[in-house]
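# Observations on the model geometry
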Amino acid sequence: MIAALDRGLRQIGHAVVEGVWKLGAAARFSWLVLIRSGECGRRPQLTLNEIYFTGTLSLIIIIVSGLFVGLVLGLQGYETLKRYGSAEALGTLVALALVRELGPVVSALLFASRAGSAITAKIGIMKATEQLSAMEMMAVDPFARVLSPIFWGGVISMPLLAAIFSALGVFGGYLIGVVIIGVDSGAFWSQMQANVDLREDILNGVIKSGVFGVAVTLIALFEGYDAPPTAEGVSYAVTRTVVTSALVVLALDFVLTSFMFTGV
Amino acid sequence: MAIGRGKVVAIMGLSGSGKTTILRLIGGQLSPSRGSISVDGQRIQHLSHRELFALRRRMGMLFQFGALFTDYTVFDNVAFPLREHTRLPEPMIRDLVMMKLNAVGLRGAAELKPEALSGGMARRVALARAIALDPMLIMYDEPFTGLDPISTGVIANLIRRLNDALGATSIVVTHDVEESFKIVDYIYFVSAGVIVAHGPPESLRRSAQPFVHQFVHGDTDGPVPFHYPAPGYADDLGLGRRP
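Residues numbered from 1 in each chain as written. Chains lettered and ligands numbered in written order. Predicted model: local features only at pLDDT ≥ 70, side-chain atom pairs only at ≥ 80, totals over all residues.

### Considering the overall build of chain B
Secondary structure assignment for chain B yields ten helices and eight strands. Taken over the C-alpha atoms alone, chain B extends approximately 85 × 40 × 35 Å along its principal axes. Within chain B, the proportion of its 243 residues that are buried is 33%. Once local pairs closer than 6 in sequence are excluded, the contacts in chain B between residues at least 24 apart make up 63%. (Helix = DSSP H or I, 4+ residues; strand = E, 2+ residues; numbered from the N terminus. Buried ≥ 20, exposed ≤ 12 C-beta atoms within 10 Å, placed from the backbone. Contact = placed C-beta atoms within 7 Å.)

Here it is, written out as structure tokens:
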């Protein structure tokens, strides 16, 4: 009994110490990625390549998901609004839901599973096959040459992807609401225009997606860099990237929302 | 341990005896908990990030399995250090890369991707990349592991020839007795982190020291036991405890 309790306590202590240690390592890692970003400024091509790898290649999943989320929002929103006789507000509902919440959050979740996992696998395998070590021995800093460009590529791609997601979502809402169900087109657009504020709604949405971009890309990079150099190690790291990113995005979203939209 | 300019020196020992660690210490990827390392008169652990990187430009390292960049072609792999560290025009880089690839006999493989290469070819490409900037010190981490006898001979020959042609110094970490005894000038034997013997190949071949003798001749019996430390065999089988 005492022995089991003792073992349990030890395990908890071990997990806590490990967790704190890893948090410290991640913070130090993030700091290095940031301060070695100079190379990205001198050679924009490095970052552009990564924007292609993380951003452009994620376009299809973002476009398709955005469209379908918009379609569903249009349907469900119309059903509910109709009961209160305000079906014309459909445009406002769809647009606000997308630019404030669904655009940044859902595209960050998709970004984590599409691009984050790819980043982790790439870095993990580069490390396992000593490619990062070899680069270091060639006097090329892997942080400056590989990790920072990926980071900035992710941070730039994420708000753009979220914007595309929201735009496609609004279009989906329009398709269902106006084209198929028959809500008045003028009301749909003018209500949306009157009620969506550039600073309050759109800018805050962009800030959110920028924060998610930083978080997801750093998690993906760190998990890859920290992965044990084995097949199992990399596979666990990829899983952890997707799970941790999802949880962090949802938690950050709650915090950001409570700061941004409480007064409205 | 002292490694003279222009020499090819082997560091030999059992797997896990700290040979690769020595290379990582010399390259500054690890820092020593005790003692010190000097390369070309510079104390490695006292160098700043910038100075260390400046020194590394004059070092080349061949990793155990080549460590080629898998998304680049052979050509781009060899061109990588030149493009990163020099502002040479592209035609000149092309000529230099072709010369390095010719030196390892793989000029014809320039456009291949690393996954299309055999183990021996990959290591030769990595060697061409390691010598791209004409280093003063070339380090080889287990260059013969997993190669067929012909490739092994080719790599061994290259190590010696490139060292003499470049006027460089080479450190070869290996446990391949036959090949390395043919090409090196001097050998250090390490075991559990200490140097147990050193000397030129001929004298070590005749050495009567038990560890060296066992290693060089590949005997199963000697100071290195066959068994990993374990409790008594009879105890493990539950024999001694019967009433």
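### Here's the deal with the overall build of chain A
Along the backbone of chain A there are ten helices and zero strands. Counting from the amino terminus, helix and strand elements in chain A follow one another as α-α-α-α-α-α-α-α-α-α. Its C-alpha atoms put chain A at 65 × 60 × 35 Å along the principal axes. A buried classification covers 44% of the 264 residues belonging to chain A. Put simply, 88% of the contacts in chain A that link residues at least 6 apart link residues at least 24 apart.

### Side note on the nonpolar core
Core analysis: the biggest nonpolar cluster contains 123 residues, and A:Val216, A:Leu221, B:Val125, B:Ala126, B:Ala128 and B:Ile159 have the highest contact counts within it. Per element, the largest residue contribution to this core is 18 residues, and it comes from helix 5 (residues 90-128) of chain A. Apart from the residues lying within four places of it in its own chain, the contact partners of A:Leu221 are A:Val33, A:Ile119, A:Ile123, A:Leu147, A:Ile150 and A:Phe151. (Core = buried A, V, L, I, M, F, W, Y, C linked by C-beta atoms within 7 Å.)

### Here's the deal with the interface of chain B and chain A
Counting from both sides, the interface comprises 14 residues of chain B and, opposite them, ten residues of chain A. Those elements that place two or more of their residues in the side of chain B that touches chain A are helix 2 (49-56), strand 4 (59-62) and helix 3 (74-85) of chain B. With three residues, the top contributor of residues to the side of chain B that touches chain A is helix 3 of chain B. Taken together, the residues of the side of chain B that touches chain A sort by class into eight nonpolar, three polar and three charged. (Nonpolar A, V, L, I, M, F, W, Y, C, P; charged D, E, K, R; others polar.)

### Notes on the pairing of strand 1 (residues 8-13) of chain B
Residue and element names in this part refer to chain B. Burial runs high along strand 1: six of the six residues are buried. In strand 1, alternate side chains face the same way, and those of Val8, Ala10 and Met12 on one face and Val9, Ile11 and Gly13 on the other are all buried. Note: strand 1 against strand 6 (residues 169-174), five bridges, orientation parallel. In the strand pairing of strand 6, Val8 is matched with Ser170. Pairing of strand 1 with strand 7 (residues 186-191) involves five bridges; the strand directions are parallel. Across the sheet, residue Val9 finds its bridge partner in strand 7, namely Tyr186. (Pairing = 2+ DSSP bridges.)

### Here's the deal with unusual backbone geometry
A positive phi angle, near 65 degrees, is found at A:Ala139, a position not held by glycine. We note that B:Asp134 has phi near 50 degrees; this positive angle belongs to a residue other than glycine. Residue classification places B:Asp134 among the partly exposed positions, given that 13 C-beta atoms sit within 10 Å.

### A word on the packing of helix 5 of chain A against helix 8 (residues 185-195) of chain A
Residues and elements named next belong to chain A. With their axes 7 Å apart at the nearest point, helix 5 and helix 8 run at an angle of 50 degrees to one another. Here helix 5 is positioned oblique relative to helix 8, judged by the angle of their axes. Handedness of the crossing formed by helix 5 with helix 8: right-handed. Together, Leu90, Gly91, Thr92 and Ala95 of helix 5 and Phe188, Trp189, Gln191, Met192 and Asn195 of helix 8 make up the contact between the two elements. Taken together, the residues that form the contact of helix 5 with helix 8 break down as five nonpolar, four polar and no charged. (Axes fitted to C-alpha atoms, helices over the stretch in contact; angles between N-to-C directions. Parallel < 35°, antiparallel > 145°, perpendicular 65-115°, else oblique. Left-handed = near helix turned anticlockwise from the far one by under 90°.)

### Let's talk about the sheet that holds strand 6 of chain B
All names here are of chain B. Taken in spatial order, the six strands make up an open sheet running 4-5-6-1-7-8, and their pairing is mixed. The open sheet terminates on both sides in strands that have one partner only, identified here as strand 4 and strand 8 (194-199). For this sheet, the mean inter-axis angle between neighbouring strands, taken without regard to orientation, is 20 degrees. Both strand 7 and strand 8 contribute to a ladder of five bridges, which runs antiparallel. Counted as the bridge partner of Ser191 is Val194 from strand 8.

### Some remarks on the environment of A:Arg36
All names here are of chain A. Along the polypeptide, Arg36 turns up in the loop between helix 1 (2-35) and helix 2 (38-42). Placed 128 residues apart in sequence, Arg36 and Ile164 show a C-alpha to C-alpha distance of 30 Å. Beyond its immediate chain neighbours, meaning those up to four positions away, Arg36 contacts Asp141, Phe143, Ala144 and Ser148.

### Here we look at the packing of helix 5 of chain A against helix 7 (residues 142-181) of chain A
Packed helices, taken two at a time, are described by the angle their axes make and the gap between the axes. All names here are of chain A. The N-to-C vectors of helix 5 and helix 7 enclose an angle of 140 degrees; their axes lie 7 Å apart at closest approach. By the angle between their directions, the pair helix 5 and helix 7 is classed as oblique. Between helix 5 and helix 7 lies a crossing of right-handed hand. Here the residues of the contact of helix 5 with helix 7 are counted per class, giving 18 nonpolar, seven polar and no charged.

### Quick notes on the pairing of strand 4 of chain B
Residue and element names in this part refer to chain B. Where burial is concerned, the two faces of strand 4 agree: the one with Met59 and Met61 and the one with Gly60 and Leu62 are both buried. Two strands pair when backbone bridges link them, and strand 4 and strand 5 (residues 137-141) are joined in this way by four bridges, in the parallel orientation. Within strand 5, the position partnered with Leu62 by the bridge is Tyr140.

### Some details on the environment of B:Ala192
All names here are of chain B. Among the structural elements, Ala192 can be located in the loop between strand 7 and strand 8. On the basis of neighbour count, Ala192 is assigned to the exposed category, with 10 C-beta atoms found within 10 Å. Considered as a pair, Ala192 and Phe215 are 23 residues apart in the sequence and their alpha carbons are 14 Å apart.

### Points about the confidence of the model for chain B
All names here are of chain B. Within chain B, residue pLDDT values average 85, and 98% of them lie at 70 or more. Taken element by element, chain B is modelled with least confidence in helix 9 (residues 210-217), mean pLDDT 80, and with most confidence in helix 3, mean pLDDT 92. Interface predicted TM-score (ipTM) for the complex: 0.80; the corresponding pTM is 0.85. (pLDDT = per-residue confidence, 0-100.)

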